[in-house]
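Coordinate analysis (summary)
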There are 2 protein chains.
Amino acid sequence: MTVALTSLPRRRLLTGSAAALAGAGLASWSQGALAQAAAAKPLPAYVGWKNASDVIVHSSTTLETKRSAFGTSGITPSNQLYLRNNLPAPDATIVADRDAWEVTVAGVKSPRKLTVRELKTLGLETVTMVLQCSGNGRGFFPSKPSGTPWTVGAAGCVVWSGVPVRAVVESLGGVSAGMRFMTGTGGEKLPEGIDPKSIMVERSVPAAAMQDALLAWEMNGEPIPLAHGGPLRLIVPGYQGVNNIKYIKQLAFTAQESDAKIMSHGYRMSPPGGKGDPSQPSVQEMSVKSWINSPLPESGTLAAGGTVQIQGVAFGGLHAVKGVEVSIDGGKTWQKARFIGPDMGKYAWRQFVLQARLPAGTYTLASRATDTAGNVQPETRGENQSGYNNTSWADHAVKVTVA
Amino acid sequence: MTVALTSLPRRRLLTGSAAALAGAGLASWSQGALAQAAAAKPLPAYVGWKNASDVIVHSSTTLETKRSAFGTSGITPSNQLYLRNNLPAPDATIVADRDAWEVTVAGVKSPRKLTVRELKTLGLETVTMVLQCSGNGRGFFPSKPSGTPWTVGAAGCVVWSGVPVRAVVESLGGVSAGMRFMTGTGGEKLPEGIDPKSIMVERSVPAAAMQDALLAWEMNGEPIPLAHGGPLRLIVPGYQGVNNIKYIKQLAFTAQESDAKIMSHGYRMSPPGGKGDPSQPSVQEMSVKSWINSPLPESGTLAAGGTVQIQGVAFGGLHAVKGVEVSIDGGKTWQKARFIGPDMGKYAWRQFVLQARLPAGTYTLASRATDTAGNVQPETRGENQSGYNNTSWADHAVKVTVA
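Residues numbered from 1 in each chain as written. Chains lettered and ligands numbered in written order. Predicted model: local features only at pLDDT ≥ 70, side-chain atom pairs only at ≥ 80, totals over all residues. Heavy atoms only, no water.

With an unreviewed UniProt entry as reference, chain A is termed Sulfite oxidase, source organism Polaromonas aquatica. For chain A, the Cofactor (unreviewed entry) comment in UniProt is given as "Mo-molybdopterin". (UniProt positions renumbered as here; feature names shortened; annotations may be inferred.)

This is how it looks when you write it as structure tokens:
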């Protein structure tokens, strides 16, 4: 019984030489992977600490976690977490003295600037949360929307620590009357000669989202890396990645949504062929979703007769994920999968596993999650011009062959 | 209000130059820390991927996490996790093809060798667990026992993934009659010319510990690093670190405890002045324990009048931790602390926090944990020759000054 399913040689392999790989008797697909890695773009310097063999470098501001690199530990380690920055990261001088970073809090009774040093005295909370780019799954749209063609790897499950926004707001007398939105502004340096509104990172979410939001200084047990928004990032659990403002320099409670272009025209669910405008739904709350991380097509042909552990991740966005079903026949029939590992709270993802015995044949493996509000992951994607919010279980299915 | 308590400049700082630090206007203590770091031993090559500024290098096989480096995220990132190897790690060739590693399972109805590749077909589970060296806290013993003088940093909370030992045993027909212990043998290369029993890493725990034990291949979302026991490690949740056998090459259910010296005479709770022998209790289950990670004496003098977030970690060993109290007067009075972040299961630690306002003065901060079985962390250590199992809350207290 030599089922090579969950046993993909992974990142460590790519640190060896091709000769060493050959010596270890590995299958030809991994030689192919090595060649691919050799041809891949190198890591940008400011994320040079990432595991190169775990990520796909799309550009200097976009890295995707390889589907085969996701482990089963629940937490995505920082060195394999995806990256998607709308603007180049600020200079590293901003993390030389992290506690000196200042954020202006406005739209409250007593608006003022606070340093990270002060924020650290006001409260402490930790949340485990799926961070996901709203374009994750764009690569499955046949329309090939512009933007990074992410498949599943523009997501991770991350632990954040910081001060609850509600504690900060309480210390400043509460939210001013009539403020319906929480608007965060990033501290990226803007290019000169361009209307700042056309390029700045500024997003609004409903003010109610402040209940579980953090101003965070720590990610996965360490000060937030510069590339991921350190020294201070707005964390809005359950909301798509773009709403979690990096290098946050202003947190304002506002009567209206931001009129920055990234809010008014960007990240809108516009119809195919259309353009984004403020009348369309914005990319905000995440929806229930799951996908399989093993086995994958790149496992190659699997040996027959053995047991297979089909495993992946599932999350519910604003609601906790309640259950996951797995299909080995492309969605004709479903079996209930089992969650493994701890429940890390409603904003975290859960690892699931289904044990199956697969006779020789070709199998289309799919997963379908349900959240505690009763929402079921749909079969089909919601078509939209920019390829946002793809939760289709059919798009995320994988085909494997058993010899 | 400029309380600089939880705002210690940490690891990132030490990557800058002294001049940059001076330019950032940092307090003199951090200049001292820089000088200390410069004088510290460099990281051994096989753990060169660790964050040098987060750890104290005691020797090539012993690294301690700095107390000030522990974050508040629950999980200890691999790059700051302590290291304690009884023997030098095997050559890195053993992780070139991880799935080919073999473990012999004995003391079962159908004993045989299994590869990691086969193990991965038999089951999948994930556990979050405190990994702690039994000598953690030895540095607080006034008797200065021989061995590494760990204070709090020979511990971390780590996520492990692998196959449940009970699933492996079931697949092999169950444990043979009369077997009372689960005995793991490490795959370290033994020096020649020495009786193997005198040096090998082989430990026995009660067979019942198999219920929650794993044969693990993943740690914190990545294949287990060589230094931490990859490609395969026996994980026995709730048990002291030494029982979690690295590079496991044999897992045997046995009628007797191992007669290897590390079991028969090492890691025994021998009386002060005595020597270890098999009649004394072995270092096995962990006990309820907690400590404060911020503020610390190295915070320097704190500014008065502000709020302080006193935070640390607490765990219960074999039982879940139920609650933590914090004292600001060296244990005369206690206040209930609040847990933050998710409950990651009974073997994980919990982060706790107590918000306090401290007028000018000197404070002795202590924490005292209680587990679900009603065990309370004691005031005093249990004296023993080798400095094991130090859970004294008094030893772990810290003194801070508010100006």
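Take the overall build of chain A next. Per the secondary structure count, chain A includes five helices and 21 strands. Looking at the 403 residues of chain A, the share that counts as buried comes to 59%. Pairs at least 24 apart in sequence give 70% of the contacts found in chain A among residues at least 6 apart. Accessible surface, chain A as shown: approximately 14,600 Å² in total, 54% of it carbon and sulfur. (Helix = DSSP H or I, 4+ residues; strand = E, 2+ residues; numbered from the N terminus. Buried < 20%, exposed > 50% of the residue type's maximum accessible area, 1.4 Å probe, protein only. Contact = heavy atoms within 4.5 Å. Areas by Shrake-Rupley, 256 points an atom, 1.4 Å probe, with all protein chains shown as cover.)

Our next topic: the environment of Arg350 of chain A. Residues and elements named next belong to chain A. Following the sequence through the fold, Arg350 ends up in strand 19 (residues 350-357). Excluding residues within four positions of it along the chain, Arg350 makes contact with Gly312, Val313, Ala314, Val321, Phe339, Ile340, Gly341, Pro342 and Asp343. A polar atom in the side chain of Arg350 sits 2.8 Å from the backbone oxygen of Gly341. (Polar contact = N/O pair within 3.5 Å; in protein donor to acceptor, adjacent residues only side chain to side chain.)

Turning next to unusual backbone geometry. Look at the link from Ser294 of chain A to Pro295 of chain A: it is a cis peptide, with omega at -5 degrees. Note on placement: Pro295 of chain A falls in the loop between strand 14 (289-294) and strand 15 (307-315). A cis geometry characterises the amide bond from Gly230 of chain B onward to Pro231 of chain B, with omega recorded as 15 degrees. Inspection of the secondary structure assignment puts Pro231 of chain B in the loop between strand 11 (222-223) and strand 12 (233-235). Positive phi, normally seen in glycine, also occurs at Asn389 of chain A, with a value near 55 degrees. Here Asn389 of chain A is to be found in the loop between strand 20 (361-371) and strand 21 (398-402).

Right, let's get into the pairing of strand 4 (residues 102-106) of chain A. All names here are of chain A. The two faces of strand 4 differ: Val103 and Val105 on one face are buried, but Glu102, Thr104 and Ala106 on the other face are not. In terms of strand pairing, strand 4 meets strand 5 (residues 112-115) through four bridges, oriented antiparallel. Considered in strand 5, the bridge of Glu102 is made with Thr115. Counted along the chain from strand 4 to the antiparallel partner strand 5, the turn is five residues long, and its residue Gly107 has a positive phi close to 75 degrees. In this sheet, strand 13 (residues 248-254) lies alongside strand 4 in parallel orientation, the contact comprising three bridges. When the bridges of strand 13 are listed, Val105 appears paired with Leu251. (Pairing = 2+ DSSP bridges.)

Let us now look at the packing of aromatic side chains. Overall, the coordinates contain 16 aromatic pairs over all chains when judged by the stated rule. Ring geometry for Trp291 of chain A against Phe315 of chain A: centres 6.0 Å apart, planes inclined by 85 degrees, an arrangement best described as edge-to-face. Of the two residues, Trp291 of chain A is situated in strand 14 and Phe315 of chain A in strand 15; the sequence distance between them amounts to 24 residues. You can call Trp291 of chain A buried: its relative accessible area is 0%. Here Trp334 of chain A and Trp393 of chain A contribute two aromatic rings whose centre-to-centre distance is 4.9 Å and whose plane-to-plane angle is 85 degrees, an arrangement assigned as edge-to-face. Within this pair, whereas Trp334 of chain A is found in the loop between strand 16 (321-327) and strand 17 (335-336), its partner Trp393 of chain A is found in the loop between strand 20 and strand 21, the two being separated by 59 residues in sequence. Ring pairs connect the aromatic residues Phe70, Trp291, Phe315 and Trp349 of chain A, which therefore count as one cluster. Taking NZ or CZ as reference, Arg368 of chain B lies 4.2 Å from the ring centre of Trp334 of chain B, over its face. (Phe/Tyr/Trp six-rings, centres within 6.5 Å; stacked < 30°, edge-to-face > 60°. Lys NZ or Arg CZ within 6 Å of the ring centre and 35° of its normal.)

With respect to the helices, strands and loops of the structure, Ser78 of chain B is situated in the loop between strand 2 (62-65) and strand 3 (83-84). Setting aside residues no more than four positions away along its own chain, Ser78 of chain B makes contact with Trp49, Lys50, Met219, Asn220 and His228 of chain B.

Residue and element names in this part refer to chain A. In space, the three strands of this open sheet follow the order 1-2-3, with antiparallel pairing throughout. Each end of this open sheet is capped by a strand with a single partner; those strands are strand 1 (55-59) and strand 3 (83-84). In this structure, strand 2 (residues 62-65) lies alongside strand 3, joined through two bridges in antiparallel fashion. Paired with Thr62 across the two strands is Arg84, which belongs to strand 3.

Our focus in this paragraph is the sheet that holds strand 19 of chain A. Residue and element names in this part refer to chain A. As summarised here, the arrangement of the four strands in space is 14-15-19-18, forming an open sheet in which the pairing is antiparallel. Strands with a single pairing partner mark the edges of an open sheet, and in this sheet they are strand 14 and strand 18 (338-340). Looking at each pair of strands side by side, their axes are set apart by 35 degrees on average, direction ignored. Of the strand pairs in this sheet, strand 14 and strand 15 are connected by five bridges, and their pairing is antiparallel. Opposite Ser290, over in strand 15, you have Ala314 as the bridge partner. (Axes fitted to C-alpha atoms, helices over the stretch in contact; angles between N-to-C directions.)

Residue and element names in this part refer to chain A. Note on placement: Val152 falls in the loop between strand 6 (125-132) and strand 7 (155-164). For Val152 and Arg138, which are 14 residues apart along the polypeptide, the C-alpha to C-alpha distance reads 8.9 Å. Each residue touching Val152, except ones within four places of it in the same chain, is listed here: Glu64, Arg67, Phe70, Asn136, Phe140, Trp291 and His396.

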